[in-house]
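Listed below are the residues making up each chain.
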Amino acid sequence: MITIRILKLEDVKNIAVLHQMAFDNFFLTSLGNNFLNKFYSSIIKSSEGIAIGAFDENDEIVGFAIGAKIKKGFYKALLKNNFISLSLCASKSLIIRPTNISRLIKTFLTNETSNDNFLSYATLLSICVSPEKKGQKIGKFLLEAFETEIMEYSSGITLTTDRLNNDYVNNFYISNNYTLADQFNQGKREMNFYIKKLK
Ligand SMILES: CC(C)(COP(=O)(O)OP(=O)(O)OC[C@H]1O[C@@H](n2cnc3c(N)ncnc32)[C@H](O)[C@@H]1OP(=O)(O)O)[C@@H](O)C(=O)NCCC(=O)NCCS
């Protein structure tokens, strides 16, 4: 049986491990475990952050959905308040490849500035399920829990995901009643921008 609960700072270590398994070959993953720890703890500490976890019968984390109550200003504030510590945590990767610094800033800021129409909506930054539990509706369960939690603060949710070679994830959002509202480029990546009106 899967249970859902709000994530706390003590869960961050397990969140980072799960992120690395679920987001293989993603840019943020390439910044390393320390970076992911800092990134997720910054969101959990933020009064604007929302973090929900799915746990199995052994109380092990098998998925999470993490985002912000209001999209406007969230990424900028996260970068501004944590830039030095986030950079230090990612230092090995940033020293090897200094262009990663601008890529990190771009990744955060294009999400925020890509579409001005839904800035008062909440944003889903990251959702994942343990690879061996994929396709068991844990993702759906998490998304619904995230929506219920966010309803108190926002009238809708925005999110972005890759447009190409990503049918599973795009189908996942469409089958959960998200609407494709826009498309944009994040560097060379072509992105889909989805929204869901909650009230
Ligand atoms: C995307 C993710 C969170 C979905 O979680 P999940 O628990 O596997 O998803 P669910 O079981 O709730 O739903 C699966 C949905 O995906 C789609 N899907 C399932 N199998 C599919 C397949 N073989 N091909 C295409 N789409 C498929 C369907 O839309 C299905 O929903 P439906 O049966 O109600 O129509 C999870 O697979 C994951 O962690 N992926 C890697 C990380 C990632 O890319 N996250 C998204 C970042 S934006």
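Predicted model, so just to flag it, every value in this text is computed and none were measured.

> Explain the site of the ligand to me, please; I cannot follow it from the model alone.
Around the ligand, the surrounding shell holds 20 residues, and the nearest of these are Val-129, Gly-135, Lys-137, Gly-139 and Tyr-168. Interatomic distance of 2.9 Å between a backbone N/O atom of Lys-140 and an oxygen atom of the ligand. One nitrogen or oxygen atom from the main chain of Asn-171 is found 3.2 Å from an oxygen atom belonging to the ligand. Relative to its unbound accessible surface of 970 Å², the ligand loses 74% to contact with the protein.

> Looking at this structure, how should I read the pattern of salt bridges?
Here the idea is simple: oppositely charged side chains can pair when their charged atoms come close. Tallying each qualifying case throughout the model produces four salt bridges. Among the ionic pairs, Arg-189 bridges to Asp-162, the shortest N-O distance being 2.7 Å. Separated by 27 residues along the polypeptide, Arg-189 in strand E7 (residues 189-197) and Asp-162 in strand E5 (residues 156-162) bring together distant segments of the chain. Take Arg-189: its relative accessible area is 25%, and that puts it in the partly exposed class. Accessibility expressed as a relative area gives 17% for Asp-162, which makes it buried. Linking Glu-190 and Arg-163 is a salt bridge whose minimum nitrogen-to-oxygen distance equals 2.4 Å. Of this pair, Glu-190 sits in strand E7 while Arg-163 is found in the loop between E5 and helix H8 (167-175), placing the two residues 27 residues apart along the sequence.

Parameters and conventions
- Residues numbered from 1 in each chain as written.
- Predicted model: local features only at pLDDT ≥ 70, side-chain atom pairs only at ≥ 80, totals over all residues.
- Heavy atoms only, no water.
- Near = heavy atom within 4 Å.
- Polar contact = N/O pair within 3.5 Å; in protein donor to acceptor, adjacent residues only side chain to side chain.
- Areas by Shrake-Rupley, 256 points an atom, 1.4 Å probe, with all protein chains shown as cover.
- Salt bridge = Lys/Arg side-chain N within 4 Å of Asp/Glu carboxyl O.
- Helix = DSSP H or I, 4+ residues; strand = E, 2+ residues; numbered from the N terminus.
- Buried < 20%, exposed > 50% of the residue type's maximum accessible area, 1.4 Å probe, protein only.

By themselves these figures say nothing about function.
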